[in-house]
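# Inside the fold
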Amino acid sequence: MKIQTNYSLKTHHTFGFNIKAKLFARLKNLSDLKKIDLNQKILILGGGSNLVFTKDFDGLVLQNSLSYIKIKKDTPQSVTVEFGSGVCWDKVCAWATRNKLYGIENLSGIPGTIGAAPIQNIGAYGQELKDSFYKLSYFDLKTKKIHILTKKDCHFGYRDSVFKSTLKSHAYIVSVTLRLSKIKKLNLNYPDLVSAFGNKQPTLSKLRKTILAIRASKLPDWKQQGNAGSFFKNPIISQDHYQSLSKSYPDLKSYPDPHGVKINAGYLIEKSGFKGYKLNQVGVSDKHALILVNHGDGDPQDLLTLVQKIIDTVYSNFTITLVPEVNFY
Ligand code: FAD
Ligand code: NAP
C-alpha cells in the first residue's frame, strides 16, 4: 500500500473542490491497516458523494477499496449476501436486479459505496437501506477491534444512524450484509413512480431503468457540475407548525413522520428565492433547489457563506432551521 503526500482530492469527491490531503492511501485489504499509524487524524473516504471539504485535510485520507461479494445464505424466500464496504452502491443494485432480488431497486443510482450507505441510512423513492439491511462489521479505529452490529444496534432513522452519533468518526465499516427478497413486492407509491407506471406492475429491471432515468432528468450530473446531492435534510416539524405555515403556503406538502410531519427542504429554499442563485463560483442548482453546486472553480469559503445565508433566510421565512445532510471536513 502506497502512502502519498500532498495529494489532490479534487477527483475524489463529487463537489470537486480543489483540495489536498496531507497523506492519502488506498486500502484494498484490511490487513493493510497494520501498516498504518492509526493514532493520527484519519478520514475514511468512500465515493466522496456526501461530504464537502472546506479546507485542505491535515491528516490521512484512507480511500476504502475493500471489494468482494459473498453469498452467505440462499433460501426460497431470500438471499443473504455480504459485500466488502468499498463496493460501489449502484453495482450492488445492478447485481440485485440481474439476480431478480428485491428490496433495493428504488435506491438505484445513488452514488458512493455500500460502506457509507448505513451511515445516513440512504433512502430514495420510498425505500431505505434499513429495509434490506441484515448486519455489518466495523473496525474501531480507537480500540483497533472488529465489531458486528445488527439492524437494531445501528439505530437507523431518517437519514440517520448510530454512526452519526456515538460511533461518529471512529468506526470504519468494513463489510455490509443485506438480506434481499426473492418475492416480488415493489414500492411504487412515490409521485414520479405513479406518473411512470399508473396501476401497472413493471419488471424489476424496468423499475431500475425508470428510476435511473428519472434521476438523470431531475438531478444535476455531478460529473458535469460538482454537487453532493441533497445538501440539507428534509425537516420534520410539528403538525401545528405545518398548519400555520400552510395558511401562507397552501401548496406546501407534508408527509407523515413518527415525530410530526416531514416537509420538503427544496420547497423552502426555492420559495426563499435561491433556486439558480450564484455566489461567485458556487450556487444553488437551477434544476433542483435542494442541491448546491460548484460551477467549476468554487471556493469552500463561499459555499459556507451561502449555506449560512440559506439557513438564515429560510429561518426568517418559515421559522425552520435547515440542517445540512452532507458532512463537512
Ligand atoms: P463519502 O461521501 O465518501 O463519505 C460520507 C461519510 O461517510 C464521511 O463522513 C465518511 O468518512 C464516511 N464513510 C464513508 N465510508 C465509510 C466507511 N466504510 N466506514 C465508515 N465511515 C465511512 N443519498 C441518499 O440517501 N439518497 C439519494 O437518493 C442520494 N442521491 C444522491 C445524488 C447525488 C447526485 C449525490 C452526489 C449524492 C446523493 N446522495 C444520496 C448522498 C450520497 O450518495 C450517499 O450518502 C452515499 O451513501 C455516500 O457514499 P460515499 O461512499 O460517497 O460516502
Ligand atoms: P421528489 O419526488 O420531488 O419529492 C420531494 C420531497 O418530498 C422528497 O424529498 C421526498 O422525501 C418527499 N416525498 C415525496 N413524495 C413522498 C411520499 N409519497 N412519501 C414521503 N415523502 C415523499 O424528490 P426528488 O428531489 O426528486 O428526489 C427523489 C428521491 O431521491 C427522494 O426520495 C430523495 O430523498 C432522493 N434523493 C436524495 C438525495 C440525497 O442526496 N439525499 C439526492 C437526490 C435524490 P424523501 O427525501 O424523504 O424521500
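All chains use their own residue numbering, which begins from 1 and follows the written sequence. Going through the entries in the order they are written, you letter the chains from A and number the ligands from 1. Note on the predicted model: pLDDT of at least 70 is required for a residue's local features to be given, and 80 or more for side-chain atom pairs to be given and counted; whole-chain, interface and lining totals, by contrast, use all residues. Heavy atoms from the whole structure form the basis of all side-chain values; hydrogens and water molecules are not counted.

## Re the layout of surface pockets
Heads up, the rule is: In this analysis, the protein atoms alone were mapped onto a 1 Å grid. Cavities are point sets where a 1.4 Å probe fits without being able to get out; pockets are open sets with protein on both sides within 12 Å along at least five of seven lines; lining residues have an atom within 4 Å of a point. Grid points are joined across faces, edges and corners, and a volume is the space filled by probe spheres set on the points. Residue type decides the class: Asp, Glu, Lys and Arg count as charged, Ala, Val, Leu, Ile, Met, Phe, Trp, Tyr, Cys and Pro as nonpolar, and the leftover types, Gly among them, as polar.
Considered as a void within the structure, the second largest pocket measures approximately 260 Å³ in volume. Residue lining of the second largest pocket: 13 residues in total, with Gly103, Gln127, Asp131, Ser181 and Lys185 positioned closest to the centre. In terms of residue class, the lining of the second largest pocket is built from 3 nonpolar, 6 polar and 4 charged.

## What to know about the site of ligand 2
Quick note on the threshold: Consider each residue's heavy atoms; a residue with any of them within 4 Å of a molecule or strand counts as near. Nitrogen and oxygen atoms within 3.5 Å of one another constitute a polar contact, given that in protein one can donate a hydrogen and the other can accept it, and given that sequence-neighbouring residues count only through two side-chain atoms. Per-residue and other accessible areas were derived by the Shrake-Rupley procedure at a 1.4 Å probe size, with only the shown protein chains allowed to occlude residues. Every helix listed is a DSSP run of H or I at least four residues long, and every strand listed is a run of E at least two residues long, numbered separately from the N terminus.
Taken together, the neighbourhood of ligand 2 is formed by 19 residues, with Tyr158, Arg159, Tyr190, Lys262 and His288 sitting nearest. Tyr125 is positioned with one of its backbone polar atoms (N or O) 3.0 Å from an oxygen atom of ligand 2. The side chain of Lys262 places a nitrogen or oxygen atom 2.5 Å from an oxygen atom of ligand 2. For ligand 2, the accessible surface in isolation is 790 Å², of which the surrounding protein chains cover 82%. Elements that contribute at least two residues to the shell around ligand 2 include exactly β8 (123–124), α3 (191–197), α4 (204–218) and β13 (226–230). Taken together, the residues of the shell around ligand 2 sort by class into 7 nonpolar, 6 polar and 6 charged.

## So, the pattern of salt bridges
Applicable threshold: Each salt bridge in this description consists of a side-chain nitrogen of Lys or Arg and a carboxyl oxygen of Asp or Glu lying within 4 Å of one another. For each residue, the accessible area found with a 1.4 Å probe, counting protein chains only, is set against the maximum for its type, and the residue is called buried under 20%, exposed over 50%, and partly exposed in between.
Applying the stated criterion to the full structure yields 11 salt bridges. Here Asp74 ties to Lys182 by a salt bridge, and the two come within 2.5 Å at their closest N and O atoms. Placement of the pair is Asp74 in strand β6 (residues 69–74) and Lys182 in the loop between β12 (171–181) and α3, with a sequence separation of 108 residues. By relative accessible area, Lys182 is classed as partly exposed at 34%. Residues Asp90 and Arg208 are paired through a salt bridge, measuring 2.8 Å at the closest nitrogen-oxygen approach.

## Brief notes about helix α5 (residues 239–248)
Spelled out, the test is: Directions are taken from the helix axis to each C-beta atom, and the arc is the one they span. Here, two residues are considered to be in contact whenever any of their heavy atoms come within 4.5 Å of each other.
Taken together, the buried positions of α5 are Tyr242, Leu245 and Ser246. Projected onto a plane normal to the axis of α5, the buried residues spread over an arc of 100° and lie on a single side. Across α5 from its buried face, at more than 90 degrees, point the exposed residues Asp240, Lys247 and Ser248. Its buried side turned inward, α5 meets β14 (236–237), β15 (254–257), β16 (260–263) and α7 (300–318).

## Describing a nonpolar patch on the surface
What counts here: In this analysis, a patch consists of residues with relative accessible area above 30% that form no salt bridge, clustered at 9 Å for like charges and at 5 Å for the nonpolar side chains Val, Leu, Ile, Met, Phe, Trp and Tyr.
On the surface, Leu30, Ile146 and Ile148 cluster together into a nonpolar patch covering about 250 Å² of accessible area. Relative to the assigned elements, Leu30 resides in the loop between β2 (20–27) and β3 (42–45). Since its relative accessible area comes to 32%, Leu30 is described here as partly exposed.

## Side note on the environment of Lys168
Here Lys168 lies in the loop between α2 (151–154) and β12. For Lys168, a relative accessible area of 45% puts it in the partly exposed group. Along the backbone, Lys168 and Asp192 are 24 residues apart, and their C-alpha atoms lie at a distance of 34 Å. Not counting the four nearest positions on each side in its chain, Lys168 is found in contact with Val162, Phe163 and Asn327.

## Observations concerning the site of ligand 1
Around ligand 1 sit 33 residues in total, of which Ile44, Ser49, Thr113, Arg215 and Tyr329 are the nearest. Residue Gly46 places a main-chain N or O atom 2.8 Å away from an oxygen atom belonging to ligand 1. Measuring from an oxygen atom of ligand 1, one finds a backbone N or O atom of Gly48 at 2.8 Å. In isolation ligand 1 offers 980 Å² of accessible surface; the protein chains occlude 93% of this area. Those elements giving two or more residues to the shell around ligand 1 turn out to be β3, β8, β12 and β13.

## Thoughts on the sheet that holds strand β10 (residues 133–140)
Going by this rule: When DSSP finds two or more bridges between two strands, those strands count as paired. Lines are fitted to the C-alpha atoms to define the axes, a helix being fitted only along its stretch in contact, and any angle between axes, read from their N-to-C directions, falls within 0 to 180 degrees.
In spatial order, the strands read β6-β7-β12-β10-β11; together these 5 strands make up an open sheet with antiparallel pairing. Of all the strands in the sheet, just β6 and β11 (146–150) have a single pairing partner and so form its edges. Taken pair by pair, the neighbouring strands of this sheet meet at an average axis angle of 20°, ignoring direction. In this structure, β6 lies alongside strand β7 (residues 78–84), joined through 5 bridges in antiparallel fashion. From the neighbouring strand, Lys73 faces β7, where its bridge partner is Thr80.

## Digging into the sheet that holds β14
The strand order across the open sheet formed by 3 strands is β14-β16-β15, and the pairing between neighbours is antiparallel. Edge strands, defined here as strands with exactly one partner in the open sheet, are β14 and β15. As paired elements, β14 and β16 share 2 bridges and run antiparallel to each other. Within the sheet, the bridge partner assigned to Ile236 lies in β16 and is Lys262.

## Description of α4
Within an α-helix, residues lying three or four positions from one another point in the same direction, as the helix has 3.6 residues per turn. Test applied: For a helix, the expected span equals 1.5 Å multiplied by the number of residues minus one.
Helix length check: α4, at 15 residues, gives a terminal C-alpha distance of 21 Å against a target of 21 Å (1.5 Å per residue), a fit within 8%. Among the structural elements, α1 (89–98), β8 and α3 are those in contact with the buried residues of α4.

## Quick notes on the nonpolar core
How we decide: Take the buried residues of types Ala, Val, Leu, Ile, Met, Phe, Trp, Tyr and Cys, join any two whose side-chain atoms come within 4.5 Å, and each joined set is a nonpolar core.
If you look at the biggest cluster of nonpolar residues, it comprises 43 residues, and the most contacted ones within it are Phe232, Ile269, Leu292 and Ile310. At 7 residues, α7 tops the list of elements feeding residues into this core. Ignoring anything within four residues of it in the chain, the contact list for Ile269 reads Phe232, Phe274, Lys275, Val284, Ala289, Leu290, Ile310, Val314 and Leu322.

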